[in-house]
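# Examination of the molecular architecture
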There are 2 protein chains.
Amino acid sequence: MNVDASIESCCPTFSASGITADVGLNSFQTSGNSPGDLQRCHVGILGLGTVGLAVARRLTGPDSIPHLTLTHLCDRRARDKQARQGAALAGLTWTDRFDDLLASDIDIVIETIPGSEPAVDYVRAALLAGKSVVTSNKAVIAHQGEKLLALAERQGRQLRFEGAVGGAMPIVRALGDGMAGDHVLRIDAILNGTSNVVLSKMETTGCGMDEAIAEACASGFAESDPSEDLDGVDAAAKLAILCALAFNVRISPSAIDTRSTSRIGAAQFAKAKLRGGTIRQLAHAEFDRERRRLEVWVSPTFVPHATLFSTIHGPRNAAIISCVYAGDIMLSGQGAGGDASAVAIIADVLTIARDRAAIVPAPVLVPARTIQGFSDSSFAEAV
Amino acid sequence: MNVDASIESCCPTFSASGITADVGLNSFQTSGNSPGDLQRCHVGILGLGTVGLAVARRLTGPDSIPHLTLTHLCDRRARDKQARQGAALAGLTWTDRFDDLLASDIDIVIETIPGSEPAVDYVRAALLAGKSVVTSNKAVIAHQGEKLLALAERQGRQLRFEGAVGGAMPIVRALGDGMAGDHVLRIDAILNGTSNVVLSKMETTGCGMDEAIAEACASGFAESDPSEDLDGVDAAAKLAILCALAFNVRISPSAIDTRSTSRIGAAQFAKAKLRGGTIRQLAHAEFDRERRRLEVWVSPTFVPHATLFSTIHGPRNAAIISCVYAGDIMLSGQGAGGDASAVAIIADVLTIARDRAAIVPAPVLVPARTIQGFSDSSFAEAV
């Protein structure tokens with residue numbers, strides 16, 4: 001069963017013969033760099049939390065990526081954080097001034113700071129300064145994605161955001177590229193890793209919500225106040241991004257009907273088990289193109305056993321994308337953690353390094369509307 | 001739960017504002033077309049079987065794709081097939097001479113003829129004539145992909161092949177782009193829709209192999225002689241392509257150890273059920289980068305219940321891609337049928353229309369080696 005392959009040439013999986021030429025000829029030919037500089041793509045990171053540091057370690061470690069050179073690290077607490085880092089990051093330029101990134105010769109800004117403000121301003125400034133941007137910031141894209149994508153296009157630069165939804169599950173790429181020749185009818189997805197850790201823990205051990213949260217905190221899968229995760233705020237922002245990609249429909253995350261997962265207890269799990277299933281926090285969006293109606297919600301949901309969602313445990317994300325021609329496409333991957341998000345971010349950086357045009361579909365502006373509430377039952381039904 | 005969205009602008013999901021400009025400026029700027037022609041991408045189809053006709057219908061039907069214009073249909077039995085087609089395809093140029101495609105102003109040749117020869121020669125000729133190529137032909141890519149990708153790169157054109165593996169499951173894109181920032185350790189996958197139809201039928205109904213094959217034939221999911229599917233030849237060709245993408249390792253499909261699914265009967269299913277699982281045809285590849293050893297086989301395999309593969313019924317494909325950083329990525333989608341393959345092909349065409357560079361990773365040449373045989377048991381073990 002084994003091949004003793006004696007492989008003559010063993011390249012890392014990301015490599016492509018001729019990529020150097022591609023980067024040189026296609027990615028940055030209008031960025032004003034001299035031809036001699038075009039062999040490498042220079043990268044800076046804004047925000048050195050879990051994700052930013054994971055990217056920094058990947059780009060400087062033994063598994064570093066040919067042609068990608070990390071030169072700048074920017075964080076408002078740069079000095080403190082620099083003091084705690086090892087030798088690998090010591091030789092880079094650390095700064096607490098974003099202007100230093102703008103004035104540098106980096107081609108791509110990786111933005112991983114939390115929250116919408118001031119991240120939106122930074123992304124805008126980077127694009128205006130002629131940088132492309134890769135962000136894992138769901139709030140930035142959910143709230144200002146459309147305008148920023150339009151700006152990127154005007155600037156001849158790219159804005160990519162695979163890491164903003166689904167962690168390592170490549171759902172942005174699947175919807176934006178893979179399903180580009182189809183019409184998406186419906187998306188059902190587990191988009192919040194923390195809620196899934198908590199719910200699958202309650203399912204497996206029979207413990208209560210508080211105990212499951214405490215354990216998720218101890219394992220680093222939940223913050224001390226996980227209400228944004230459990231209440232569906234996090235998943236709603238991600239779902240708004242998916243609606244833009246899948247349906248070209250813009251909806252404000254705050255207009256998405258959310259029902260909190262925090263009220264689920266052992267009694268609900270017992271009831272679900274009797275019915276032959278379990279409970280997961282699902283995000284659902286369904287678009288009727290004829291009638292121009294969008295059904296969209298985030299809620300703890302009954303999922304029957306032997307379906308995809310019932311098999312998703314721990315900090316994983318999963319999605320079923322239902323299409324007119326291709327039928328159902330299923331995806332699943334690690335939804336949380338620095339390393340998983342770093343993979344999504346680095347994939348985006350490599351895509352920009354190879355492409356020149358700003359080709360991410362820009363969501364179409366439509367007015368966000370009030371959504372009618374749920375019925376009285378404590379969780380929605382998965383159809 | 002419903003939003004009465006009153007959407008001001010409802011674009012098809014594939015659209016991107018500014019795509020026209022992208023196509024004009026990036027995709028074909030060196031193809032010799034005058035600027036006036038650059039607003040549209042012209043496409044021709046070579047081979048009008050199930051897949052080719054499905055693509056033709058999509059590109060000419062009510063769901064046609066803006067900026068993509070199908071102009072030429074080429075098949076060695078063009079006259080017969082033209083006579084059987086409706087009005088939608090009547091206005092196109094039908095021909096049985098491939099040279100007519102080469103001499104035309106089409107930008108992209110979609111190649112969907114079966115088998116390695118003469119398809120390889122056609123793909124080579126199209127690239128030499130300055131066309132980009134999208135193929136769903138696994139034999140072409142498995143046997144000559146490396147050389148043809150290198151030729152495409154030299155020509156400044158693209159060769160894309162999402163439809164060659166996994167049908168509508170976007171696994172080529174996931175491995176080539178999404179996992180580009182990671183290292184793939186291992187792939188386990190259901191890659192042959194026919195075998196999965198037959199095995200899941202046997203599992204569900206308890207019928208024998210012959211009856212399941214007869215029913216699959218009647219439903220259009222198997223040919224009258226499905227030995228290439230059941231014996232693993234089809235899956236091995238696809239697995240060779242995945243090895244090139246995931247590991248940059250080239251292996252000849254004929255060097256992949258295959259064990260036929262045709263010997264599985266009701267007795268094996270009964271035994272698997274007692275052990276808490278069922279049987280699927282799996283393709284497996286695992287690459288040890290340190291020791292440069294590739295383990296690679298296709299075989300009917302015991303899969304425990306409540307795992308992904310046990311839940312895959314009918315003509316679906318599925319894959320688990322295990323990575324160093326991202327952990328396990330799971331994908332599943334329709335693995336057979338013209339419409340599903342057409343989605344993969346059209347996604348590739350749209351990608352080419354937006355990009356200019358030939359950026360598909362070219363597999364690295366390594367000598368194919370003999371593989372040691374299986375042990376004596378009638379199916380392999382899924383780990």
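All figures in this text were calculated on a predicted structure; none of them were measured in a lab.

### A closer look at the overall build of chain A
Each helix and strand in chain A was counted, giving 13 helices and 14 strands. In chain A, buried positions account for 61% of the 383 residues.

### Notes on the packing of helix α7 (residues 171–178) of chain A against helix α13 (residues 338–354) of chain B
Contact geometry of α7(A) with α13(B) gives a least axis separation of 9 Å together with a crossing angle of 85°. Classed by the angle they form, the pair α7(A) and α13(B) counts as roughly perpendicular. On α13(B), the residues touching Gly176(A), Asp177(A) and Gly178(A) of α7(A) are Val343(B), Ala347(B) and Arg354(B). For the contact of α7(A) with α13(B), a count of residues per class yields two nonpolar, two polar and two charged.

### Observations regarding the sheet that holds strand β3 (residues 68–74) of chain B
Residue and element names in this part refer to chain B. Pairing within the open sheet is parallel, and its six strands lie in the order β4-β3-β2-β5-β6-β7. The open sheet has two edge strands, β4 (93–95) and β7 (159–160), and neither has a second partner. In this sheet, β7 lies alongside strand β6 (residues 132–135) in parallel orientation, the contact comprising two bridges. Among the inter-strand pairings, Val 134 is bridged to a residue of β7, identified as Arg 160. Each of β2 (41–46), β3 and β5 (108–111) touches helix α2 (residues 50–60); the most contacted strand, β3, lies at about 145° to it.

### What to know about the nonpolar core
The biggest cluster of nonpolar side chains holds 128 residues, and the ones touching the most others in it are Ile171(A), Ile171(B) and Phe247(B). The contacts of Ile171(A), once residues within four sequence positions are left out, are Glu162(A), Val165(A), Leu242(A), Ala319(A), Ile321(A) and Leu331(A).

### Re helix α9 (residues 209–218) of chain A
Residue and element names in this part refer to chain A. Of all the residues in α9, the buried ones are Met 209, Ala 212, Ile 213 and Ala 216. When α9 is viewed along its axis, its buried side chains cluster within an angular range of 100° and face the same direction. Structural note: α9 exposes Asp 210 and Ala 218 on the side pointing more than 90 degrees away from its buried face. On the buried face of α9, the contacting elements are α8 (193–205) and α10 (227–230). Following α9 by one or two positions, Gly 220 has its phi on the positive side, about 80°.

### Overview of helix α6 (residues 138–155) of chain A
Residue and element names in this part refer to chain A. Compared with the 26 Å implied by 1.5 Å per residue over 18 residues, the 22 Å span of α6 between its first and last C-alpha is markedly short. Of all bends in α6, the biggest is about 85°, found at Gln 144. For α6, the complete set of buried residues consists of Ala 139, Val 140, Ile 141, Ala 142, Gly 145, Glu 146, Leu 148, Leu 149, Leu 151 and Ala 152. At the N-terminal end of α6, a side-chain oxygen is found 3.0 Å from the backbone nitrogen of Ala 139, two or three residues along, and the residue is Asn 137. Phi for Gly 156, located one or two positions after α6, is positive at around 70°.

### Some words on the pattern of salt bridges
Residues and elements named next belong to chain A. The full count for this structure, using the stated rule, is 28 salt bridges over all chains. Lys 81 is paired through a salt bridge with Asp 75; the nearest N and O atoms lie 3.2 Å apart. Across this residue pair, the class does not change: Lys 81 and Asp 75 are buried. Its salt-bridge partner being Glu 146, residue Arg 250 comes within 3.6 Å of it at the nearest N-O pair. Of this pair, Arg 250 sits in the loop between α11 (233–247) and β9 (257–258) while Glu 146 is found in helix α6, placing the two residues 104 residues apart along the sequence. Residue classification places Arg 250 among the partly exposed positions, given a relative accessible area of 30%. Sharing partners across several salt bridges, the network here consists of Lys 138, Asp 234 and Lys 238.

### Re the pairing of strand β13 (residues 327–334) of chain B
Consecutive residues of a regular strand have side chains that alternate between opposite faces of the sheet. As judged from the three bridges shared by strand β13 (residues 327–334) of chain A and β13(B), these two strands associate in the antiparallel manner. Its bridge partner being in β13(B), Leu331(A) is matched across the sheet by Leu331(B). Judged from the eight bridges that link them, strand β12 (residues 316–323) of chain B and β13(B) form a sheet pairing that is antiparallel. Paired with Cys323(B) across the strands is Gly327(B), a residue of β13(B). What sits between the antiparallel neighbours β12(B) and β13(B) is a turn of three residues.

### Things to note about the side chain of Asn196(B)
All names here are of chain B. By the secondary structure assignment, Asn 196 is in helix α8 (residues 193–205). The exposure class assigned to Asn 196 is buried, which follows from its relative accessible area of 1%. Those residues within four positions of Asn 196 in sequence are excluded, and the remaining contacts are Ile 190, Arg 280, Ile 312, His 313, Gly 314 and Arg 316.

### Brief notes about the confidence of the model for chain A
Residue and element names in this part refer to chain A. On average, residues of chain A score 83 in pLDDT, and 82% of them are at 70 or above. Confidence scores differ between elements of chain A, with helix α1 (residues 19–27) showing the lowest mean pLDDT of 21 and strand β5 (residues 108–111) the highest of 98. The model gives residues 1–39 a pLDDT under 50, and that stretch makes 110 contacts with residues more than four places away or in other chains. Across the assembled chains, the prediction reports ipTM 0.82 with pTM 0.83.

### With respect to the packing of helix α5 (residues 119–128) of chain B against helix α6 (residues 138–155) of chain B
Residue and element names in this part refer to chain B. Interhelical geometry of α5 versus α6 gives an angle of 10° and a closest axis separation of 10 Å. Considering their axes alone, α5 and α6 lie roughly parallel with respect to each other. Residue-level contacts link Ala 119, Val 120, Val 123, Arg 124, Leu 127 and Leu 128 of α5 to Val 140, Gln 144, Leu 148, Leu 151, Ala 152 and Gln 155 of α6. Residue classes in the contact of α5 with α6 are distributed as nine nonpolar, two polar and one charged.

### Examining the packing of aromatic side chains
Residue and element names in this part refer to chain A. Considering all chains together, one arrives at four aromatic pairs over all chains under this definition. Between Phe 98 and Tyr 122, the ring centres sit 4.6 Å apart and the planes meet at 50°, which makes this aromatic pair tilted. With a gap of 24 residues between them, Phe 98 in helix α4 (residues 98–103) and Tyr 122 in helix α5 (residues 119–128) connect regions that are remote in the sequence. Look at Tyr 122 and you get partly exposed, because its relative accessible area is 27%. Arg 275 extends its terminal NZ or CZ atom over the ring of Phe 302, reaching a point 4.0 Å from the ring centre.

Conventions we followed
- Residues numbered from 1 in each chain as written.
- Chains lettered and ligands numbered in written order.
- Predicted model: local features only at pLDDT ≥ 70, side-chain atom pairs only at ≥ 80, totals over all residues.
- Heavy atoms only, no water.
- Helix = DSSP H or I, 4+ residues; strand = E, 2+ residues; numbered from the N terminus.
- Buried < 20%, exposed > 50% of the residue type's maximum accessible area, 1.4 Å probe, protein only.
- Axes fitted to C-alpha atoms, helices over the stretch in contact; angles between N-to-C directions.
- Parallel < 35°, antiparallel > 145°, perpendicular 65-115°, else oblique.
- Contact = heavy atoms within 4.5 Å.
- Nonpolar A, V, L, I, M, F, W, Y, C, P; charged D, E, K, R; others polar.
- Pairing = 2+ DSSP bridges.
- Core = buried A, V, L, I, M, F, W, Y, C linked by side-chain atoms within 4.5 Å.
- Arc of directions from axis to C-beta.
- Expected span 1.5 Å × (residues − 1).
- Bend = angle between axes of the 7 residues up to and from the residue.
- Polar contact = N/O pair within 3.5 Å; in protein donor to acceptor, adjacent residues only side chain to side chain.
- Salt bridge = Lys/Arg side-chain N within 4 Å of Asp/Glu carboxyl O.
- pLDDT = per-residue confidence, 0-100.
- Phe/Tyr/Trp six-rings, centres within 6.5 Å; stacked < 30°, edge-to-face > 60°.
- Lys NZ or Arg CZ within 6 Å of the ring centre and 35° of its normal.

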